[in-house]
Amino acid sequence: MYSLKGSIYNFKKKRSKYYANERYVTQQLLKSLPHRQYAVISDLLLPNDGQFRTSQIDHLIISIYGIFCIETKSHKGWISGSKAHRLFKQILFRNSFRLTPNPVEQNNSHIRTVRGLIGERLKAPIVNIVVFPSAEKFFINGYEDVGSVNDMIDSVFMYGEKVYSYEEASKMIEVICQFNIKRPIEHLKHIERVRAVHV
């Protein structure tokens, strides 16, 4: 049987502690998802025509069951989220901090980028997942697929109906990897553009 195993990528080369959560999520995805049905692509930088000109995507899963775009956040403590107020907060040592940008909306912009590159090959909506590997508790109102690493894995496995053939999934992997910008200087430029707006 055809397999996606040869199409599993991880472009993350950084050693900083800042990226420890992203590396951990990648490891858990590769450990938990059957390689014959799922390809995990980490640390993508894709071109778009938006405000920042590029989208940095932590993890993209392309499988015969659909496509999943995952945003990893390193915040600890308690995480609250309200879709009605379009607001996320971190609660740490009785102090509350607003998370900017809203991680779900941030990931929606990544999904638009992926959707634009895949084009007519897309047969189902891309699933938006936000994971907080270091958080202790979650108080989420209105948002789906936001939580811990275990919650993330459960969210992926909820989609068990075959959507794409192996050939279709492999072609989408090929398209995404073709557009991926690997030059470190471009990653730094993307970070600078984002910080200029959100920091």
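This one's a predicted model, so the numbers in the text were calculated from it and none came from an experiment.

**Here we look at the packing of helix 2 (residues 103-118) against helix 4 (residues 166-179)**
Stage number 1. Relative to each other, helix 2 and helix 4 sit at 115°, their axes nearing to 10 Å. On the basis of their axis angle, the class for helix 2 and helix 4 is roughly perpendicular. Helix 2 and helix 4 meet at a crossing whose hand is right-handed. Of helix 4, the residues touching helix 2 (which contributes V114, L117 and I118) are M172, V175, I176 and F179.
Stage number 2. The residue makeup of the contact of helix 2 with helix 4, split by class, is seven nonpolar, no polar and no charged.

**Regarding the sheet that holds strand 5 (residues 87-92)**
Stage number 1. Strand order in the open sheet formed by four strands is 6-5-4-8, and the pairing between neighbours is mixed. Only two strands of the sheet have a single neighbouring strand rather than two, namely strand 6 (95-98) and strand 8 (135-141). Taken over all neighbouring pairs, the strand axes of this sheet differ in orientation by 20° on average, direction set aside.
Stage number 2. Where strand 5 meets strand 6, four bridges bridge the pair, whose relative direction is antiparallel. In the sheet register, L92 faces strand 6, and the bridge partner there is N95.

**Thoughts on the environment of I140**
Stage number 1. Mapped onto the elements of the fold, I140 is located in strand 8.
Stage number 2. Once the C-alpha coordinates of I140 and S82 are considered, the two residues, 58 residues apart in sequence, prove to be 6.2 Å apart.
Stage number 3. If we skip the residues at most four places from it in the chain, I140 touches I79, S80, G81, F88 and V146.

**Things to note about the sheet that holds strand 2 (residues 54-63)**
Strands in a sheet are paired, the pairing made by backbone hydrogen bonds, and the direction either parallel or antiparallel.
Stage number 1. Spatially, the five strands line up as an open sheet ordered 1-2-3-7-9, and their pairing is mixed. Only two strands of the sheet have a single partner each, and these edge strands are strand 1 (38-47) and strand 9 (146-147).
Stage number 2. As paired strands, strand 1 and strand 2 are joined by nine bridges and run antiparallel to one another. Bridge pairing in strand 2 places L45 opposite Q56.
Stage number 3. Of the strands in this sheet, strand 1, strand 2, strand 3 (66-72), strand 7 (127-131) and strand 9 are in contact with helix 2, which crosses strand 3 at around 140°.

**Remarks on the pairing of strand 7**
Stage number 1. Of all five residues that make up strand 7, five are buried, and the element is covered over most of its length.
Stage number 2. Note that strand 7 and strand 9 share two bridges and pair parallel. Opposite V131, over in strand 9, you have G147 as the bridge partner.

**Structural notes on helix 2**
Stage number 1. Across its 16 residues, helix 2 extends 23 Å between first and last C-alpha, which sits within 8% of the 22 Å expected from 1.5 Å per residue.
Stage number 2. Listing the buried residues of helix 2 in full gives P103, V104, N107, H110, I111, T113, V114, L117 and I118. Viewed end-on, helix 2 has its buried residues packed into an arc of 165°, placing them on one side of the element.
Stage number 3. The opening residue of helix 2 is N102, an N-cap whose side-chain oxygen sits 2.9 Å from the backbone nitrogen of V104.

**A closer look at the packing of helix 1 (residues 20-32) against helix 3 (residues 149-157)**
Packed helices, taken two at a time, are described by the angle their axes make and the gap between the axes.
Stage number 1. For the pair helix 1 and helix 3, the least separation of the axes is 11 Å and the interaxial angle reads 40°. Considering the angle they form, helix 1 stands oblique to helix 3. For the pair helix 1 and helix 3, the sense of crossing is right-handed. Residues Y24, V25, Q28, L29 and S32 of helix 1 form the contact with helix 3, whose participating residues are V149, M152, I153 and F157.
Stage number 2. When grouped by side-chain class, the residues that make up the contact of helix 1 with helix 3 number seven nonpolar, two polar and no charged.

Calculation rules
Residues numbered from 1 in each chain as written. Predicted model: local features only at pLDDT ≥ 70, side-chain atom pairs only at ≥ 80, totals over all residues. Heavy atoms only, no water. Axes fitted to C-alpha atoms, helices over the stretch in contact; angles between N-to-C directions. Helix = DSSP H or I, 4+ residues; strand = E, 2+ residues; numbered from the N terminus. Parallel < 35°, antiparallel > 145°, perpendicular 65-115°, else oblique. Left-handed = near helix turned anticlockwise from the far one by under 90°. Contact = heavy atoms within 4.5 Å. Nonpolar A, V, L, I, M, F, W, Y, C, P; charged D, E, K, R; others polar. Pairing = 2+ DSSP bridges. Buried < 20%, exposed > 50% of the residue type's maximum accessible area, 1.4 Å probe, protein only. Expected span 1.5 Å × (residues − 1). Arc of directions from axis to C-beta. Polar contact = N/O pair within 3.5 Å; in protein donor to acceptor, adjacent residues only side chain to side chain.

Worth remembering: the numbers are spatial, not functional.
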